[in-house]
Amino acid sequence: QPQLVESGVGLVQPGGSLRLSCVASGFSSSGFTFDVYTLTWFRHAPGNEREAVSCVRGADIVTNYADSVKGRFTISRDNAKNTVYLEMNSLKHDDTDVYYCAARFLRCSNAGKDMKYWGEGTLVTVSS
């Protein structure tokens, strides 16, 4: 069955950088290959609503959603490795969150209800 597994959990100082990875497997069982799926990074902290960060389609077309991370976070994908990345720079305390990757078919969306598959999340803590 299709699965998404995030990695890159850790503690980083304010102003530092991290690169998150999300590796997909089993997508051929859905009837479509990984490269036709759109991948989106979300983040969710206790007491807050889930927030879409950015989205990338199979042909590397990007849609950015969160104004607070524009110019600091970059989404990318490597279809040959079935992987999507989130490069995070100039990290702030408010970036502390659990980060999730999710997949849907063809089009970008910032609505969690539109996602077909979810990873379990990875924790990022920004603290001095």
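Residues numbered from 1 in each chain as written. Predicted model: local features only at pLDDT ≥ 70, side-chain atom pairs only at ≥ 80, totals over all residues. Heavy atoms only, no water.

One open sheet accounts for four strands, arranged S1-S3-S8-S7; its pairing is antiparallel. One side of each edge strand has no neighbouring strand; the edge strands of this open sheet are strand S1 (3-7) and strand S7 (73-78). Going across the sheet, the axis of each strand differs from the next one's by a mean of 15°, ignoring polarity. (Pairing = 2+ DSSP bridges. Helix = DSSP H or I, 4+ residues; strand = E, 2+ residues; numbered from the N terminus. Axes fitted to C-alpha atoms, helices over the stretch in contact; angles between N-to-C directions.)

Mapping Ser127 onto the fold places it in the segment after strand S11 (122-126). Taking the relative accessible area as the measure of exposure, Ser127 reaches 29% and is therefore partly exposed. Those residues in contact with Ser127, other than ones at most four positions away along the chain, are Leu11, Val12, Gln13, Pro14 and His93. (Buried < 20%, exposed > 50% of the residue type's maximum accessible area, 1.4 Å probe, protein only. Contact = heavy atoms within 4.5 Å.)

Turning to the packing of aromatic side chains, a few remarks are in order. Inspection of every chain in the model, using the stated rule, returns eight aromatic pairs. Between Tyr37 and Phe105, the ring centres sit 6.0 Å apart and the planes meet at 70°, which makes this aromatic pair edge-to-face. Placement of Tyr37 in strand S4 (residues 37-44) and of Phe105 in strand S9 (residues 97-105) is noted, with a sequence separation of 68 residues between them. For Tyr37, a relative accessible area of 2% gives the class buried. For Phe105, a relative accessible area of 33% puts it in the partly exposed group. Residues Tyr100 and Trp118 carry aromatic rings whose centres are separated by 6.3 Å and whose planes lie at 85° to one another, so their mutual orientation is edge-to-face. On the criterion of sequence distance, the pair formed by Tyr100 in strand S9 and Trp118 in strand S10 (residues 117-118) is long-range, its members being 18 residues apart. By way of ring pairs, the aromatic residues Phe27, Phe32, Phe34, Tyr37, Phe105 and Tyr117 are connected into one cluster. A cation sits over an aromatic face here: Arg50 above Phe42, 6.0 Å from the ring centre. (Phe/Tyr/Trp six-rings, centres within 6.5 Å; stacked < 30°, edge-to-face > 60°. Lys NZ or Arg CZ within 6 Å of the ring centre and 35° of its normal.)

Moving on, we come to the pairing of S9. Sheet analysis places S4 next to S9, joined by eight bridges and oriented antiparallel. Bridge pairing in S9 links Arg43 to Tyr99. As defined by bridge partners, S9 adjoins S10 across two bridges and the pair is classed as antiparallel. Counted as the bridge partner of Ala102 is Trp118 from S10.

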